Amino acid sequence: MTLHLFYFLSFLAILCALMVVLEKNPVHSVLYLVVTFFAIAGHYILLNAQFLAAVHIIVYAGAIMVLFLFVIMLLNLNKESEFHKNNYVKGAAVIAGGLLLVILVGALKGTASLPAPEASVGEIGLVENLGQVLFKQFLLPFEIASLLFLSAMVGAVMLGKRDTK
Amino acid sequence: MQTEIIYKSILALAVFGITLFIAMYSTYAERKIAAFLQDRLGPNRAGPFGILQPLADGVKMFMKEEMIPEVSNKFLFILGPSIAMLTCLMTGAVIPWGSSITIAGNEYSLQVADINIGILYLLGVTSVGVYGIMIGGWASNNKFSLLGAIRASSQMISYEIGMGLSIIALIMTTGTLSIGEIAAQQHGGHWNVFYQPLGFLIFIVCAFAETNRAPFDLPECESELVGGYHTEYSSMKLGFYLFAEYINMFISSAVIATLYFGGYNMPFIGRFIQDPNALAIIGSVFLFCKIFFFIFLFMWVRWTLPRFRYDQLMNLGWKGLLPLAILNIAITGIVMWFTGKIN
């Protein structure tokens, strides 16, 4: 059952991720991306990481993607107003993306020797255990990450304020 | 195991039916309360006291001509109201509709699913609900619809933050994310509203904004936007959007009653009634009384307060409720420190 779900969710995630790139209409792309996020949240639930799944849905599908959709709808992007990139930019993008793929494949090759994590038996993803790990074991990195977020927020507000002078 | 699955299915169906029934009669109650507040009679033609009015409305909705604009994306146009309806019906699953009933030695909980991240589930489903409005508004290919959809989504995102932060203070005092446990903890008059009065106020204001009810009903502000995001909708698709609003109102009332007003608990009732099954049933009745009170409150506010202006709405959300919610978290933390609940 779990295995079938895993294959279904993986298929859905990969299919929708491909559709994000292949779809011409930007609004449809964003909607496919939302479905991809739901499939990934399903993977988290299979790994018994319910907290991560819920937060993933709330933050990515519920907030960030809505903002994406928001901007695309406001700009009203469509085929006529599509920005045509020249061939140099396209070539550079292909090389950059290909290099990233090589790095990812190289990094994942090393994991073949690692023991596979057992699905849906780990307790680490439950809220209490996650909280214990974050606030006891990794307190300092966690707080530093929050500082990073704060500086990003301040930066966003400053950028938003700049042209009202 | 087998009986458990059958029982849960029956319970889920019952919750589904009751939700739809209450949402249906909320439309009737809304019109009657509006009439009462405006010194009119309200619907009184269909059946005694107009009690069959919701049925007549439903039949009318189904029978009306179905219109899909020529230029819009048909799939997304239908997907919009479907998502709105789906997400608002999903939330009822984690609400404890009562304690538990014991039949022939087996204990049956009146909560469909007591998942240990219940509150996060609620927030997640609510945040996905925005898509129903956004997709519908965009697929209509109408300027008014798009403006309504954009207003709705920015309003809902803004107020979700205040709502989430007010819930964080609540989670700090209760120490659990499971809604079943939060309801059980409030046994004996320890209602959370006494410990979190500010949090409750923030939560209820955000609930009004999340359900797009007056005074925050800007997404469908008829004097500026015709009908808002559902301008192009007709027949039962329009019905789904309107119905989703009433279901959201019912679920929000249930969440407010459960999180802050003790859920199915009623102080002192245990002294008069000893039988646990009778207590469970009476508890459910109390829960529904609380829910009906909050539904009434929603309607009372709608017919009393005028609509906010959009900048006032955003100012209230970001400059009023958000700092207040953070202050509430800080106060809760300080009080918990001094009373020795955390160390």
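Criteria and cut-off values
Residues numbered from 1 in each chain as written. Chains lettered and ligands numbered in written order. Predicted model: local features only at pLDDT ≥ 70, side-chain atom pairs only at ≥ 80, totals over all residues. Heavy atoms only, no water. Patch = residues over 30% accessible without salt bridge, like charges linked within 9 Å, V, L, I, M, F, W, Y side chains within 5 Å. Areas by Shrake-Rupley, 256 points an atom, 1.4 Å probe, with all protein chains shown as cover. Salt bridge = Lys/Arg side-chain N within 4 Å of Asp/Glu carboxyl O. Helix = DSSP H or I, 4+ residues; strand = E, 2+ residues; numbered from the N terminus. Buried < 20%, exposed > 50% of the residue type's maximum accessible area, 1.4 Å probe, protein only. Pairing = 2+ DSSP bridges. Axes fitted to C-alpha atoms, helices over the stretch in contact; angles between N-to-C directions. Parallel < 35°, antiparallel > 145°, perpendicular 65-115°, else oblique. Left-handed = near helix turned anticlockwise from the far one by under 90°. Contact = heavy atoms within 4.5 Å. Nonpolar A, V, L, I, M, F, W, Y, C, P; charged D, E, K, R; others polar. Buried area = accessible area lost by both parts, 1.4 Å probe. Polar contact = N/O pair within 3.5 Å; in protein donor to acceptor, adjacent residues only side chain to side chain. Domains from an automatic or database assignment. Phe/Tyr/Trp six-rings, centres within 6.5 Å; stacked < 30°, edge-to-face > 60°. pLDDT = per-residue confidence, 0-100. Expected span 1.5 Å × (residues − 1).

## Section: a nonpolar patch on the surface
All names here are of chain B. On the surface, F36, L37, F293, F296, W300 and W303 cluster together to form a nonpolar patch covering roughly 610 Å² of accessible area. Elements with a minimum of two residues in the nonpolar patch: α1 (2–37) and α12 (276–302). Considering every element that reaches the nonpolar patch, the biggest residue donor is α12, with three residues. With respect to the secondary-structure elements, F296 resides in helix α12. According to the relative accessible area criterion, F296 is partly exposed, its value standing at 31%.

## A short note on the pairing of strand β1 (residues 100–103) of chain B
Successive residues of a regular strand alternate their side chains across the two faces of the sheet. All names here are of chain B. Note: β1 against strand β2 (residues 106–109), four bridges, orientation antiparallel. Following the sheet pairing, S100 is matched in β2 by S109. From the end of β1 to the start of β2, which pair antiparallel, there are two residues, and A104 there has a positive phi angle of about 50°.

## A closer look at the packing of helix α1 (residues 2–22) of chain A against helix α2 (residues 26–46) of chain A
Residues and elements named next belong to chain A. Contact pair α1 / α2: the axes reach a minimum separation of 8 Å and the direction vectors enclose 155°. One element, α1, and the other, α2, form an angle in the roughly antiparallel class. Crossing geometry of α1 relative to α2 is assigned as left-handed. Across the interface between the two elements, T2, L5, F6, L9, S10, L12, A13, C16, A17, M19 and V20 of α1 pack against S29, Y32, L33, V35, T36, A39, G42, H43 and L46 of α2. Looking at the contact of α1 with α2 residue by residue, the classes come out as 14 nonpolar, six polar and no charged.

## A look at the packing of α1 of chain B against α12 of chain B
Residue and element names in this part refer to chain B. At their nearest, the axes of α1 and α12 sit 10 Å apart, and the two run at 45° to each other. As the angle between them shows, α1 and α12 are arranged oblique. Read as a crossing pair, α1 and α12 show a hand that is right-handed. Within the contact between the two elements, α1 uses I18, I22, S26, A29, E30, I33 and L37 and α12 uses F288, F292, I295, F296, M299, W300 and R302. For the contact of α1 with α12, the class distribution of residues is eleven nonpolar, one polar and two charged.

## Quick notes on the environment of I68 of chain B
Residues and elements named next belong to chain B. Assignment of secondary structure puts I68 in the loop between α2 (53–63) and α3 (74–90). A residue is classified by how much of its surface remains accessible, and I68, at 29% relative accessible area, is partly exposed. Excluding anything up to four places from it in sequence, I68 contacts K74, F77, I78 and K237.

## Overview of the interface of chain B and chain A
Contacts between chain B and chain A engage 20 residues on the former and 23 residues on the latter. Taking both partners together, chain B and chain A bury about 1,900 Å²; carbon and sulfur atoms supply 80% of that area. Together, Y131, M134 and W138 of chain B form the three largest contributors to the area buried by chain B at its contact with chain A, with a combined 31%. The tally of links from chain B across to chain A stands at zero salt bridges. Summed over the shared surface of chain B and chain A, the result is one residue pair in polar contact (both at pLDDT 80 or more). Going through the elements one at a time, α4 (118–139) and α5 (143–174) of chain B are the ones with two or more residues in the side of chain B that touches chain A. Here the side of chain B that touches chain A gets ten residues from one element, more than from any other, and that element is α4 of chain B. When its residues are assigned to classes, the side of chain B that touches chain A shows 14 nonpolar, six polar and no charged.

## Describing the domain arrangement of chain A
Examined at the domain level, chain A breaks down into domain 1 (1–79) and domain 2 (123–165). Measuring from the centre of the C-alpha atoms in domain 1 of chain A to the corresponding centre in domain 2 of chain A gives 23 Å.

## So, the pattern of salt bridges
Residue and element names in this part refer to chain B. For the structure shown, the criterion picks out four salt bridges over all chains. Between D57 and R31 there is a salt bridge, with its nearest N and O atoms 3.0 Å apart. Within this pair, whereas D57 is found in helix α2, its partner R31 is found in helix α1, the two being separated by 26 residues in sequence. Residue R31 is classed as partly exposed on the basis of its relative accessible area, which comes to 36%. As a salt-bridge pair, D311 and R309 come within 2.9 Å of each other at their nearest N and O atoms.

## Overview of the packing of aromatic side chains
The description of two aromatic rings rests on the distance between their centres and on the angle between their planes. All names here are of chain B. As enumerated under the stated definition, the model contains 20 aromatic pairs over all chains in all. Taking 4.2 Å as the distance between ring centres and 5° as the angle between the ring planes, the aromatic pair formed by F77 and Y233 counts as stacked. Highlighted residues: F77 in helix α3 and Y233 in the loop between α9 (222–225) and α10 (235–260), separated in sequence by 156 residues. Classification of F77 as buried rests on a relative accessible area of 0%. Y233 sits in the buried class, given a relative accessible area of 6%.

## Let's talk about the confidence of the model for chain A
Here chain A shows a mean pLDDT of 82. Residues at 70 or above account for 84%. Looking at the elements of chain A, mean pLDDT is at its lowest for helix α5 (residues 127–137) of chain A, recorded as 81, and at its highest for helix α6 (residues 139–161) of chain A, recorded as 89.

## Some words on helix α8 (residues 197–210) of chain B
Residues and elements named next belong to chain B. Taking 1.5 Å of rise per residue, 14 residues should cover 20 Å, and α8 covers 20 Å from first to last C-alpha, within 8% of that figure. Summarising burial for α8: ten of the 14 residues are buried, a large majority. Of the positions making up α8, those classed as buried are G199, F200, I202, F203, I204, C206, A207, F208, A209 and E210. Following α8 by one or two positions, N212 has its phi on the positive side, about 60°.

## Some details on the environment of L165 of chain B
All names here are of chain B. Assignment of secondary structure puts L165 in helix α5. Its relative accessible area of 17% is what places L165 among the buried residues. Taking C-alpha positions, L165 is 6.8 Å from I326, a pair spaced 161 residues apart along the chain. In contact with L165, other than residues within four places in its own chain, are L322, A325, I326 and I329.

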